[in-house]
Amino acid sequence: MPVPFLDLPAEYRRVKADIDAAIQRVLDRGQFILGPEGDALEQEIAAACQTAHGIGVASGTDALELALRALEIGPGDEVITAAFGFIATAEAIVAVGAAPIFADIDLATYTLDPAAVTSAMTSRTKAILPVHLYGHPCRMEELLAIAAQHRLKVIEDCAQAFGAQIVSKRVGSFGDAGCFSFYPTKNLGGYGDGGMVVTRDAALAKRLRLLRHHGDRGRYDHQVIGRNSRLDELQAAILRVKLRHVEAGNQARRRHAGHYTQALTRAGLADRLELPGELPGHHHVYHLYTVRLKERARIQQELAKQGIATAAHYPAILPSQPALAPWNRGAWPRAGAAADTCLSLPIYPELSESQIEEVVRALANAMRSA
Ligand SMILES: *Cc1c(COP(=O)(O)O)cnc(C)c1O
């Protein structure tokens, strides 16, 4: 039985009646941009993230870029972020005219190593942009201490980590701003592009509302040069339905991760693979279940032959991407090791235990034939 990497149609089938009704409600109302669904979603997400304000925007990338702009980070400024992750984070920094300064990761969490952040600091450093990669929260206590000591802003990239927390504090509520993506494959995903910035700061929220809507304070009263980056009413209505299921979805992901770890250990693979872990007090939401192994290309091919879809998140470190060549100064050995060996196995709420066993069986076969 083949196992796909994701199964979005299966998720839709589970919530179809509510989604269809929500879409119909928006169509009947005839208000498609900046309306009651977006307002309600902003409040619901702000509450879920333990922050006061939520500002819907057009994507996770825009959430990062507008948060940086609203915090007045721009030309001449440096922003420290992880060398390993998705390019959108670095793109947002470059888009506001600042320089992305890459720091190495900690291989226990695949997120920013606080010691590497301290080493990357210069007199131009204005902010830290930690990414809660794969759904594991960054070591925020240490990062916040560094930021406080050096008076830096903190913008959290929460795109992969909706619902993750440290003790009982949600990601997105630690920094000056938390940025979410509602890209369809994320733990809280819409049926198109979308994003949100959350913040406890009312003045920052106000600036973000201006920036996402042409700097408009009222009707045709343009205070600043902004842009068009709004979350539409259809997406907001869909996301309000999906928000009601995200907690259960994250619990299912955690169960699946536990099953993977048990089954991989039972199959005798635990000493030939690096399995994902969870720091004490950190609540991982397993956007991805990513292992590290040797001979990734060959193993992926063997798995594909057996109908198992996998992916490498991410096969190259960010500073080695051609688009980021101007900022490719330094050495990031742990990020490099992760890029060379990472392999993500299928994980989503609808995955079954028998599918997990199928994946593990196929992986054991592939590794035996090494
Ligand atoms: C998905 C993602 C983004 C960008 O979100 P979009 O909504 O696709 O623009 C940013 N950062 C990380 C870590 C992501 O995974």
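Keep in mind the model is a prediction, meaning the values are calculated, not measured. (Residues numbered from 1 in each chain as written. Predicted model: local features only at pLDDT ≥ 70, side-chain atom pairs only at ≥ 80, totals over all residues. Heavy atoms only, no water.)

Engineer: Before we go on, may I ask you to explain the environment of Arg240 in this structure?
Structural biologist: One can find Arg240 in helix H8 (residues 233-266). On the basis of relative accessibility, which here comes to 23%, the residue Arg240 falls in the partly exposed class. In this structure, the C-alpha to C-alpha distance between Arg240 and Gly190, residues 50 residues apart in sequence, is 9.4 Å. When residues no more than four places from it in sequence are discounted, the contact partners of Arg240 are Arg25, Glu37, Ala40, Leu41 and Glu44. (Helix = DSSP H or I, 4+ residues; strand = E, 2+ residues; numbered from the N terminus. Buried < 20%, exposed > 50% of the residue type's maximum accessible area, 1.4 Å probe, protein only. Contact = heavy atoms within 4.5 Å.)

Engineer: Please clarify how the site of the ligand should be interpreted in this entry.
Structural biologist: The environment of the ligand is formed by 14 residues, the closest being Gly60, Thr61, Asp157, Ser181 and Lys186. One of the side-chain N or O atoms of Thr61 is found 2.5 Å from an oxygen atom in the ligand. Contact with the protein chains removes 92% of the 380 Å² of surface that the ligand exposes when unbound. Class assignment of the residues belonging to the shell around the ligand gives a composition of five nonpolar, seven polar and two charged. (Near = heavy atom within 4 Å. Polar contact = N/O pair within 3.5 Å; in protein donor to acceptor, adjacent residues only side chain to side chain. Areas by Shrake-Rupley, 256 points an atom, 1.4 Å probe, with all protein chains shown as cover. Nonpolar A, V, L, I, M, F, W, Y, C, P; charged D, E, K, R; others polar.)

Engineer: Sorry if this is basic, but what is going on with helix H10 (residues 333-341) here?
Structural biologist: An α-helical turn contains 3.6 residues, so any two residues separated by three or four positions project in the same direction. Those residues of H10 that sit buried are Ala335, Gly336, Ala338, Ala339 and Thr341. Of the surrounding secondary structure, the elements contacted by the buried residues of H10 are strand E4 (105-106), strand E13 (289-292), helix H9 (296-305) and strand E14 (342-345).

Engineer: Please explain the nonpolar core as it appears in this structure.
Structural biologist: Considering soluble globular proteins, one finds that nonpolar side chains tend to be buried as a cluster. Of all hydrophobic cores here, the largest spans 43 residues; its most connected members are Phe84, Phe102 and Val117. Of all the secondary structure elements, the ones that give two or more residues to this core are strand E2 (78-82), strand E3 (99-103), helix H5 (114-120), helix H6 (140-150) and H10. Those residues in contact with Phe84 that lie beyond four places of it in its chain are Ile105, Tyr110, Leu133, Tyr134, His313, Tyr314, Ala335, Ala338, Ala339 and Cys342. Counting residues in each nonpolar core, the second largest holds 27 residues, with Tyr348, Leu351, Val360 and Ala362 among its members. (Core = buried A, V, L, I, M, F, W, Y, C linked by side-chain atoms within 4.5 Å.)

Engineer: What is the right way to look at the sheet that holds strand E9 (residues 169-170) in this model?
Structural biologist: By definition, the strands of a sheet pair up through backbone hydrogen bonds, in either a parallel or an antiparallel sense. The sheet built from three strands is open, its strands ordered E9-E8-E12 with antiparallel pairing. On the outer flanks of this sheet lie E9 and strand E12 (282-283), each paired with one strand and no other. Relative to E12, strand E8 (residues 165-166) is paired through two bridges, and the arrangement is antiparallel. In the sheet register, Ile166 faces E12, and the bridge partner there is His282. (Pairing = 2+ DSSP bridges.)

Engineer: What am I meant to see in the sheet that holds strand E10 (residues 177-181) here?
Structural biologist: Sheet architecture is open: seven strands sit in the order E1-E11-E10-E7-E6-E2-E3, paired in mixed fashion. The open sheet has two free edges, formed respectively by strand E1 (53-57) and E3, since each of these has just one partner strand. Taking the axes of each pair of neighbouring strands and ignoring which way they run, one obtains an average angle of 25° across the sheet. For strand E6 (residues 125-129) and strand E7 (residues 153-157), the ladder comprises two bridges, and the chain directions are parallel. Each residue of the ladder has a partner; that of Ala127, found in E7, is Lys153. With respect to the sheet, helix H3 (residues 60-70) is in contact with E1, E2, E6, E7, E10 and strand E11 (195-199), its orientation differing from that of E10 by roughly 160°. (Axes fitted to C-alpha atoms, helices over the stretch in contact; angles between N-to-C directions.)

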